[in-house]
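Below, each chain spelled out in residue letters.
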Amino acid sequence: MITSAANGQIKEIERLQKKSKHRQETGVFPVEGRKMVLEAGDKLQKAYLSESYYNTYGVKELGSCEYEIVADNIFKGMSETMTPQGILGLVRMPEYSLEELTSGERVQLLLLENLRDPGNLGTIIRTAEGAGVTGVILSRESVDIFNPKVIRSTMGSIYRVPFIYVDDFGTTLELLKKKEIILYAAHLRGEHNYDEESYGQKTGILIGNEAKGLTEESAALADRLVRIPMEGQVESLNAAIAAAVFMYEIYRQRRGRK
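What counts, and where the lines are drawn
- Residues numbered from 1 in each chain as written.
- Predicted model: local features only at pLDDT ≥ 70, side-chain atom pairs only at ≥ 80, totals over all residues.
- Heavy atoms only, no water.
- UniProt positions renumbered as here; feature names shortened; annotations may be inferred.
- Helix = DSSP H or I, 4+ residues; strand = E, 2+ residues; numbered from the N terminus.
- Buried < 20%, exposed > 50% of the residue type's maximum accessible area, 1.4 Å probe, protein only.
- Contact = heavy atoms within 4.5 Å.
- Areas by Shrake-Rupley, 256 points an atom, 1.4 Å probe, with all protein chains shown as cover.
- Core = buried A, V, L, I, M, F, W, Y, C linked by side-chain atoms within 4.5 Å.
- Domains from an automatic or database assignment.
- Pairing = 2+ DSSP bridges.
- Axes fitted to C-alpha atoms, helices over the stretch in contact; angles between N-to-C directions.
- Buried area = accessible area lost by both parts, 1.4 Å probe.
- Polar contact = N/O pair within 3.5 Å; in protein donor to acceptor, adjacent residues only side chain to side chain.
- Parallel < 35°, antiparallel > 145°, perpendicular 65-115°, else oblique.
- Nonpolar A, V, L, I, M, F, W, Y, C, P; charged D, E, K, R; others polar.

The name that an unreviewed UniProt entry assigns to the protein is RNA 2-O ribose methyltransferase substrate binding domain-containing protein, with the source organism given as Acetivibrio ethanolgignens. According to the UniProt record, the Sequence similarities (unreviewed entry) comment for the protein reads "Belongs to the class IV-like SAM-binding methyltransferase superfamily. RNA methyltransferase TrmH family."

### Overview of the overall build of the protein
When helices and strands are counted, the protein shows 11 helices and 11 strands. In terms of overall dimensions, the protein has a C-alpha envelope of 60 × 40 × 30 Å along the principal axes. Burial status across the protein gives 49% buried among its 258 residues. The long-range share in the protein, meaning contacts at least 24 apart out of those at least 6 apart in sequence, stands at 75%. Per element, the accessible surface of the protein, about 13000 Å² overall, is 47% carbon and sulfur.

### Some points on the nonpolar core
Counting 49 residues, the largest nonpolar core has Leu-110, Leu-112, Leu-121 and Ile-145 as its most contacted members. Ranked by the residues each element gives to this core, the list is headed by helix H11 (residues 239–256), at seven residues. Per-domain counts for this core show at least three residues from each of domain 1 (8–92) and domain 2 (107–256). With residues up to four places along the chain from it excluded, the contact list for Leu-112 reads Leu-121, Ile-124, Val-136, Ile-137, Leu-138, Ser-139, Ser-142, Phe-169 and Ile-207.

### Section: the sheet that holds strand S11 (residues 224–227)
Taken together, seven strands build an open sheet; the order of strands is S7-S6-S5-S10-S8-S11-S9 and the sheet is parallel. Strand pairing shows two members of the sheet lacking a second neighbour, strand S7 (163–166) and strand S9 (192–193), which therefore form its edges. Strand contacts of H11: strand S5 (107–112), strand S8 (182–186), strand S10 (202–207) and S11, with the helix running at about 165° to S10, the strand carrying the most contacts.

### What to know about the sheet that holds strand S4 (residues 87–92)
Spatially, four strands are ordered S1-S4-S2-S3 in an open sheet, and the strand pairing comes out mixed. A single partner strand is all that each edge strand has here, and the edge strands are strand S1 (28–32) and strand S3 (66–70). Going across the sheet, the axis of each strand differs from the next one's by a mean of 20°, ignoring polarity.

### As for the domain arrangement of the protein
Once the domains are mapped, the protein shows domain 1 (8–92) and domain 2 (107–256). One C-alpha centre belongs to domain 1, the other to domain 2, and the line joining them spans 31 Å. Between domain 1 and domain 2, the contact holds 14 residues from the first and 12 residues from the second. Surface buried jointly by domain 1 and domain 2 totals about 1100 Å² across both partners, of which 60% is contributed by carbon and sulfur atoms. Of all residues in domain 1, Arg-23, Phe-29 and Met-36 bury the most surface against domain 2, accounting for 43% of the area lost on that side.

### Re the UniProt feature "domain: RNA 2-O ribose methyltransferase substrate binding" (unreviewed entry) in the protein
Mapped onto this numbering, the UniProt entry gives "domain: RNA 2-O ribose methyltransferase substrate binding" (unreviewed entry) at residues 30–97. End C-alpha atoms of residues 30–97 are separated by 23 Å, and the span's content is 29% helix alongside 31% strand.

### A word on the side chain of Thr-203
Inspection of the secondary structure puts Thr-203 in strand S10. For Thr-203, a relative accessible area of 1% translates into the label buried. Within the structure, Thr-203 has its side chain in polar contact with the side chain of Gln-108 (distance 2.7 Å). Apart from the residues lying within four places of it in its own chain, the contact partners of Thr-203 are Val-107, Gln-108, Leu-109, Ile-181, Ile-182, Tyr-184 and Ile-250.

### What about the packing of helix H7 (residues 118–130) against H11?
One can describe the packing of H7 onto H11 by two numbers: an axis separation of 9 Å at closest approach and a directional angle of 10°. Taken together, the axes of H7 and H11 lie roughly parallel to each other. Residues Asn-120, Thr-123, Ile-124, Thr-127, Ala-128 and Gly-130 of H7 touch H11, and the partners they reach there are Ala-239, Ala-240, Ala-243, Ala-244, Met-247, Tyr-248 and Tyr-251. Of the residues contributing to the contact of H7 with H11, the split by class is nine nonpolar, four polar and no charged.

### Let's talk about unusual backbone geometry
Positive phi outside glycine occurs at Asn-114, with the angle close to 60°. Its place among the elements puts Asn-114 in the loop between S5 and H7. By relative accessible area, Asn-114 is classed as partly exposed at 21%.

### As for the pairing of S10
Taken across its six residues, S10 has five buried, putting it largely inside the fold. Sheet topology places S5 next to S10; six bridges connect them, and they run parallel. Residue pairing in the sheet places Leu-109 in a bridge with Gly-204 of S10. Relative to S10, S8 is paired through four bridges, and the arrangement is parallel. Following the sheet pairing, Ala-185 is matched in S10 by Leu-206.

What follows is the structure, given as structure tokens:
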């Protein structure tokens, strides 16, 4: 049992919790909570159980996965949550390609440019799964999807929604257009309301930075600028809410065509 905060494994977990660069270098990210650990499946590399958790649940549910038992006070110190559930896992990062995200008869993409808030991204990933989005493409400047706050907000959807980061967002948009994917940009200058459009089987929704929105370059590459109508003095919605509005309108239309 690990009983010291100076233990090398504990220090490694702390680095993975706090440093995006270290997560990328190792190809591993930490997840917390019973649901998140058990849903990782064969990507679960190793599990860490608090002594209390071990005494309550044992290790049968982990199958053959390697594990360590950690003293309760040490486990609390390495956790990123206020009330730790007593189980933490190290998970291998999934890998996807642009080709995977754009193949098939139905392509429903979410394109996120310079999104910075971890809570927004986590909520978007979770909503994307619910609305049947087939993939998420992020600009390199966007928040790290393996940030612990993002992971918690996804509630497990991180395992099931394919995603990639791209170095050149504009070039990627041009490639999508060549693949006959129609790009819709959530924009204040939109000519039509979001529910006045007829979305096809291959679509991409562009959502911009929380404070600045889409860059002019990305907005110019969209096939259509579409707005969300507003009452009162509100100018725009939270990025995650705006994304949800578009995703579920497309989902509603798709269900209606079945």
